[in-house]
Amino acid sequence: MLYTSTRDKSIKVTAAQAIAQGISEEGGLFVPCELPQFSIDRISSMVSMSYIDRAKTVLREFLTDFSEEELSYCVEGAYAANKFSSPKIAPTVNIDGNKNILELWHGPTCAFKDMALQLLPYLMTVSAKKTADGKTIVILVATSGDTGKAALEGFKDVANTKILVFYPVDGVSPMQKLQMTTQEGENVAVCAINGNFDDAQSAVKSIFTNQEIKDQLAEKNMMFSSANSINWGRLVPQIVYYFSTYCDLIEMGKIKAGDQINVVVPTGNFGNILAGYYAKKMGLPIKTLVCASNSNNVLTDFLKTGTYDKNRAFYTTTSPSMDILISSNLERLLYHMSGEDDKLVSSLMSQLAEKGKYTVSDELISEIQKTFDAGFTAEDCVDETIKNHFDKYHYLCDTHTAVAVKVYDEYVKSTGDDIPTVIDSTASPYKFSASVLKAVLQGNTPNLDEFEMVDELNRVTGADVPKPLASLKDKNIRFSDVCNKEDMSQMVFKLLDL
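Residues numbered from 1 in each chain as written. Predicted model: local features only at pLDDT ≥ 70, side-chain atom pairs only at ≥ 80, totals over all residues. Heavy atoms only, no water.

Draft legend 1. The arrangement of the sheet that holds strand 16 (residues 482-484) in detail. Pairing is parallel across the open sheet formed by five strands, whose spatial order is 9-6-7-8-16. The open sheet terminates on both sides in strands that have one partner only, identified here as strand 9 (222-226) and strand 16. With strand direction ignored, the average angle separating the axes of adjacent strands in the sheet is 30°. Relative to strand 7 (residues 161-168), strand 6 (residues 136-142) runs parallel, the two being bridged by six bridges. Paired with Val 138 across the bridge in strand 7 is Lys 162. Those strands touched by helix 9 (residues 197-208) are strand 6, strand 7, strand 8 (188-194) and strand 9, and its axis lies near 150° from that of strand 6. Sheet contacts for helix 10 (residues 211-219): strand 6 and strand 9; angle to strand 9, the most-contacted strand, approximately 125°. (Pairing = 2+ DSSP bridges. Helix = DSSP H or I, 4+ residues; strand = E, 2+ residues; numbered from the N terminus. Axes fitted to C-alpha atoms, helices over the stretch in contact; angles between N-to-C directions. Contact = heavy atoms within 4.5 Å.)

Right, dumping it as structure tokens:
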């Protein structure tokens, strides 16, 4: 299988090249030239498989330049039993009737990013051996909270790599910040920026495509790559868990093979829901993909109107991983849905960079709306949703999952479409213990520090505290740098000791 760029479809590269490079030279994102097809019989054959074998079955189709031994090395290393707190890796939990929660947070950093970022370092290492001629790969990451820690943990002390993570100084939860600033590893560095996630992401993208910076790195036998979901190696593992949850629903007796399901995804950078779109196009019987936004509802507005406009108020919310106004992976969807019109995508992305907005044709948004629905949850509804869901089902949601739950409930109310549905749960509630405790106690939060809040949330709800979060209590802060977004390129060189 070959990959091309959303902004220049004359480009053709292998999976290893796409993964090692991260982003195309002209700034486009790599996408597969074609999608493998899975019949219902083939999907049925995956029901009895472990998560590891399901992953191999899906990934084998995309990583055709990886040997069977290389694929096994990557997948078995990523999803080893000692790394995940559930033997199912990503278990599906039935809440009530047709409502099912896909728990994607049982990995070492307690967020859904682990599903991809435990695998990416293995994919990157194998890809680099094939394509990068012994260069040290510098992983440059902008994070709204979860990607940073998951990438740091995944790439920690991986040979021939260095990883630099930038996060908005006031845009992550206290637990997310602690996870990053206490990170162990000789090849890692972390820096806060004065600005929001979009500032960090835009700066990272411009550094990636800055020829002068790339030349300076090349002199030191280094090259950039990405662990954000702009990297195909970050996105492709996410397709796996949609096939896996469908198999789980069959196993649980909630559906029969061939039955349609809906999928609801709390969405920021559009990668998680895009993986669901790829699964649907590959033959997984997904009827509708529901995009759930928080108060930063730029995606909801786009999917309803066809106009993408980031020129709006930016809200810092209790679901910070969704506090994003530039959703990078939407570019991939536009490429596929427009009939692979790379010139159109280039034009739209230029308009977004120059004017902060673009509008697609009525035909294109109509085509997108056949697959996607969307809704958003205002900040004042999040606490209420966490509280009501816990009281009704004794199931504790984090803030991001609560956004999706509320949007799903509203979707069913307005459409009557209540077929079996999977709601992505993207983080442990303990990553946002202050917000979740406040919700459960209806605002009567005691004056406690972060770890006392974890203990209190455990006492009040009985929900298990993940070991990786409990162990943070005694760790020392290693990283305290803060820079302006204009100074990120200089900070890159400082952190690399160049």
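Draft legend 2. Spatial organisation of the environment of Leu 472. On the secondary structure map, Leu 472 appears in the loop between helix 21 (467-470) and strand 16. Leu 472 sits 297 residues away from Met 175 along the chain, and the two C-alpha atoms are 8.7 Å apart. Beyond its immediate stretch of four places on either side in the chain, Leu 472 contacts Met 175, Leu 178, Gln 179, Thr 182 and Phe 451.

Draft legend 3. Region of the structure containing the side chain of Ser 226. Topologically, Ser 226 is positioned in strand 9. Residue Ser 226 is classed as buried on the basis of its relative accessible area of 0%. With sequence-adjacent residues up to four places away left out, Ser 226 is seen in contact with Gly 22, Leu 120, Met 124, Ile 139, Leu 140, Phe 208 and Asn 231. (Buried < 20%, exposed > 50% of the residue type's maximum accessible area, 1.4 Å probe, protein only.)

Draft legend 4. Expanded view of the nonpolar core. One finds Phe 166, Ile 239 and Leu 334 to be the most contacted residues of the largest nonpolar core, which totals 140 residues. The dominant element in this core, judged by the number of residues it contributes, is helix 11 (residues 232-251), at twelve residues. Ignoring anything within four residues of it in the chain, the contact list for Leu 334 reads Phe 302, Val 345, Leu 348, Met 349, Tyr 358, Val 360, Leu 364 and Ile 368. Among the nonpolar cores identified, the runner-up in size contains 37 residues, and Val 382, Tyr 430, Met 453 and Val 454 belong to it. (Core = buried A, V, L, I, M, F, W, Y, C linked by side-chain atoms within 4.5 Å.)

Draft legend 5. The arrangement of the environment of Lys 156 in detail. Turning to its location among the elements, Lys 156 is positioned in the loop between helix 7 (146-155) and strand 7. On the basis of relative accessibility, which here comes to 28%, the residue Lys 156 falls in the partly exposed class. In sequence terms Lys 156 and Val 264 are 108 residues apart; their C-alpha atoms lie 32 Å from each other. Filtering out sequence-adjacent residues up to four positions away, Lys 156 remains in contact with Gln 183, Glu 184, Gly 185, Asn 187 and Val 188. Within polar-contact distance, the side chain of Lys 156 engages the side chain of Glu 153 at 3.2 Å. (Polar contact = N/O pair within 3.5 Å; in protein donor to acceptor, adjacent residues only side chain to side chain.)

Draft legend 6. Quick peek at the pattern of salt bridges. In this structure the tally under the stated criterion is 26 salt bridges. Lys 475 is the salt-bridge partner of Glu 184, the closest N and O atoms lying 3.7 Å from each other. Residue Glu 184 is found in the loop between helix 8 (174-181) and strand 8, and its partner Lys 475 is found in the loop between helix 21 and strand 16; the two are separated by 291 residues along the sequence. Exposure remark for Lys 475: the relative accessible area of 30% places this residue in the partly exposed category. Through salt bridges that share partners, Arg 54, Lys 88, Asp 248 and Glu 251 make up one connected network. (Salt bridge = Lys/Arg side-chain N within 4 Å of Asp/Glu carboxyl O.)

Draft legend 7. A look at helix 9. Helix length check: helix 9, at twelve residues, gives a terminal C-alpha distance of 16 Å against a target of 16 Å (1.5 Å per residue), a fit within 8%. Most of helix 9 is tucked away, with nine of its twelve residues classed as buried. Burial in helix 9 covers these residues: Phe 197, Asp 198, Asp 199, Ala 200, Gln 201, Ala 203, Val 204, Ile 207 and Phe 208. Turning to helix 9, the residues buried within the fold contact strand 6, strand 7, strand 8, helix 10, strand 9 and helix 22 (488-495). (Expected span 1.5 Å × (residues − 1).)

Draft legend 8. Here's a closer look at the packing of aromatic side chains. Scanning the model with the defined rule gives 15 aromatic pairs in all. Residues Tyr 73 and Tyr 122 carry aromatic rings whose centres are separated by 5.2 Å and whose planes lie at 75° to one another, so their mutual orientation is edge-to-face. With Tyr 73 in helix 4 (residues 68-78) and Tyr 122 in helix 6 (residues 120-131), this residue pair connects regions lying 49 residues apart in the sequence. For Tyr 73, a relative accessible area of 46% puts it in the partly exposed group. A centroid spacing of 5.8 Å and a plane angle of 35° characterise the contact between Phe 270 and Phe 372, whose relative ring orientation is tilted. A residue pair is termed long-range when its members are at least 10 positions apart, and Phe 270 in the loop between strand 10 (261-266) and helix 12 (271-281) and Phe 372 in strand 14 (residues 372-376) qualify at 102 residues. Given the relative accessible area of 3%, Phe 372 is considered buried. Here the aromatic residues Tyr 3, Phe 62, Trp 232, Phe 270, Tyr 277, Tyr 278 and Phe 372 are joined through ring pairs into a cluster of three or more. (Phe/Tyr/Trp six-rings, centres within 6.5 Å; stacked < 30°, edge-to-face > 60°.)

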